[in-house]
Amino acid sequence: MTNDAEFSEAEFLVRARAIADSGDQHQAVELCRQYLAASPNAPGVARLAVQIMIGSGQGPQAVELCQDIAIALPDATWPFGQACEPLAIALADLPAECQTAKDMVADSGTDAWAAMQTVRRLLQAATWWPQLVKQLQLMSERTWLIKEQISLNDQLINVLAQKLSDPVTARDAREAAEQWKDVPTMVQGYWTALEEHSLDPAAWDETERFFRVNELWADLAKLLEASLDGATEAERVALWTEIVALQEKVPHPEWDVLDAKLAGDDRPDGPPFIRELRAQIKARQAAISLARRKTEKAQEGHFSMPIWLIGGVAITIGVVIATVIVIKLLG
């Protein structure tokens, strides 16, 4: 029964339903678990298992089964839709949440992260804390986004410490959360790991993805520059073009430094894209200089006063101060 070559999904469903209808729900669920362990991408089998478990009062366990399938199928959204079927029943007294769960059962959508977020919210509303912990851990393994990691870990710590009274696991989660909050150390960790595995393309891809999703533009530009070594002409065009574009996103763009680097590739017989990029940089520098001059002129105009008016103000202030001093002395 554990080999889907022995039974097709349709054949298996007929047999499993017959076992459940005979009154042996536990055996039917166990057979479904075995089938799914070997062939997790079987929505019909999962749905049957979930329905049997709901009927026997095992709603939370049905959610966990769906979570296990989701772990085995990282790109699938349907396990989260099926996880919402027992949640819809548990949230019957909360109309909005119940409807959300029903909508997810009908269509879990194509955005896996959105589906996971929905299950996360519904588990919290249902106060199914162990399943929420598992959902938070599952989501933590799926995202490289720092702000998402902080949110997930903060909620995980709260659930473990306050709802499940598990201070030991909460402490471990808190230590993991602190790492994500120390962004400079995390960034340096990626650079160090890349130095140690500089010949591994996967290390470059992972570092680039981390920098991109967290909008660490200065580090991404530095990484792309490092990628120029050994790049083909077409790759150099793409890399230099993005490096120049990234300067618009960094807090303090170093146009002069970048222009000097491009100058090394700017040869009369070289590719025209270098000259085009340098022209873009010079135009950007000229625009910045013009804007700076306009700002300075506006500030001068705003704060300038005629000499006679400045003198008058000074005399007036002097008279006022002298009057105050005389009053104090006479008093």
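Residues numbered from 1 in each chain as written. Predicted model: local features only at pLDDT ≥ 70, side-chain atom pairs only at ≥ 80, totals over all residues. Heavy atoms only, no water.

1. Thoughts on the overall build of the protein chain
Counting its regular elements, the protein chain contains 17 helices and zero strands. When each of the 331 residues of the protein chain is scored for burial, the buried share is 37%. (Helix = DSSP H or I, 4+ residues; strand = E, 2+ residues; numbered from the N terminus. Buried < 20%, exposed > 50% of the residue type's maximum accessible area, 1.4 Å probe, protein only.)

2. Observations concerning the side chain of N153
Here N153 shows up in helix α9 (residues 146-163). Apart from residues no more than four positions distant in its own chain, N153 is found in contact with S140, A173, A176, A177 and W180. (Contact = heavy atoms within 4.5 Å.)

3. Topic: unusual backbone geometry
If you check the backbone angles, S165 has positive phi at about 50° while not being a glycine. Of note, S165 is situated in the loop between α9 and α10 (167-181). Residues other than glycine seldom take positive phi values, yet E215 does so here, at roughly 55°. Along the chain, the position of E215 falls in the loop between α12 (201-213) and α13 (217-226).

4. Quick look at helix α6 (residues 95-106)
Structurally, the α-helix is built with 3.6 residues per turn, so residues lying three or four positions apart point the same way. With 12 residues, α6 should cover 16 Å at 1.5 Å per step; its first-to-last C-alpha distance of 16 Å lies within 8% of that length. Where the residues of α6 are buried, they touch α5 (78-90) and α7 (112-126). (Expected span 1.5 Å × (residues − 1).)

5. Some details on the packing of aromatic side chains
Inspection of every chain in the model, using the stated rule, returns four aromatic pairs. Ring pairs connect the aromatic residues Y190, W191, F210 and F211, which therefore count as one cluster. The ring centre of W191 lies 4.6 Å from the NZ or CZ of K222, which sits over that ring. When the ring centre of W217 is taken as origin, the NZ or CZ atom of K249, which lies over that ring, is 4.2 Å away. (Phe/Tyr/Trp six-rings, centres within 6.5 Å; stacked < 30°, edge-to-face > 60°. Lys NZ or Arg CZ within 6 Å of the ring centre and 35° of its normal.)

6. A look at α12
For α12, which comprises 13 residues, the first-to-last C-alpha distance of 18 Å matches the rise-based estimate of 18 Å (1.5 Å per residue) to within 8%. Of all the residues in α12, the buried ones are A203, T207, F210 and F211. Viewed along the axis of α12, the buried residues span an arc of 95°, placing them on a single side of the element. Of the residues flanking the end of α12, it is E215, one or two places downstream, whose phi is positive at about 55°. (Arc of directions from axis to C-beta.)

7. Quick word on the environment of R33
Topologically, R33 is positioned in helix α2 (residues 25-38). R33 gets classed as partly exposed once you look at its relative accessible area, which sits at 32%. Taking the C-alpha atoms as reference points, R33 and L65, separated by 32 residues in sequence, lie 8.0 Å from one another.

8. Section: the nonpolar core
Counting 59 residues, the largest nonpolar core has F12, V45 and F80 as the members making the most contacts within it. The element contributing the most residues to this core is helix α3 (residues 43-55), with seven residues. (Core = buried A, V, L, I, M, F, W, Y, C linked by side-chain atoms within 4.5 Å.)

9. Description of the confidence of the model for the protein chain
For the protein chain, per-residue confidence averages 88 on the pLDDT scale, and 87% of positions sit at 70 or higher. Note that residues 1-5 has pLDDT below 50 and, in this model, 10 contacts with residues that lie over four places away or in other chains. (pLDDT = per-residue confidence, 0-100.)

10. Some thoughts on the pattern of salt bridges
The full count for this structure, using the stated rule, is nine salt bridges. The salt bridge partner of K261 is E225, with a shortest N-O separation of 2.9 Å. Here K261, found in helix α15 (residues 255-263), pairs with E225, found in helix α13; they are 36 residues apart in sequence, far enough to count as distant. On the basis of relative accessible area, E225 is assigned to the partly exposed category, the value being 23%. K282 is the partner of D259 in a salt bridge, and the nearest nitrogen-oxygen pair spans 3.7 Å. Of the two residues, D259 is situated in helix α15 and K282 in helix α16 (residues 272-303); the sequence distance between them amounts to 23 residues. (Salt bridge = Lys/Arg side-chain N within 4 Å of Asp/Glu carboxyl O.)

11. Section: the packing of helix α14 (residues 233-246) against α15
At their nearest, the axes of α14 and α15 sit 11 Å apart, and the two run at 165° to each other. One finds that α14 runs roughly antiparallel with respect to α15. In terms of crossing hand, the pair formed by α14 and α15 is left-handed. Here W240, I243 and V244 of α14 lie close against α15, whose contacting residues are W255, L258, K261 and L262. Each residue belonging to the contact of α14 with α15 can be placed in one class, and the counts come to six nonpolar, no polar and one charged. (Axes fitted to C-alpha atoms, helices over the stretch in contact; angles between N-to-C directions. Parallel < 35°, antiparallel > 145°, perpendicular 65-115°, else oblique. Left-handed = near helix turned anticlockwise from the far one by under 90°. Nonpolar A, V, L, I, M, F, W, Y, C, P; charged D, E, K, R; others polar.)

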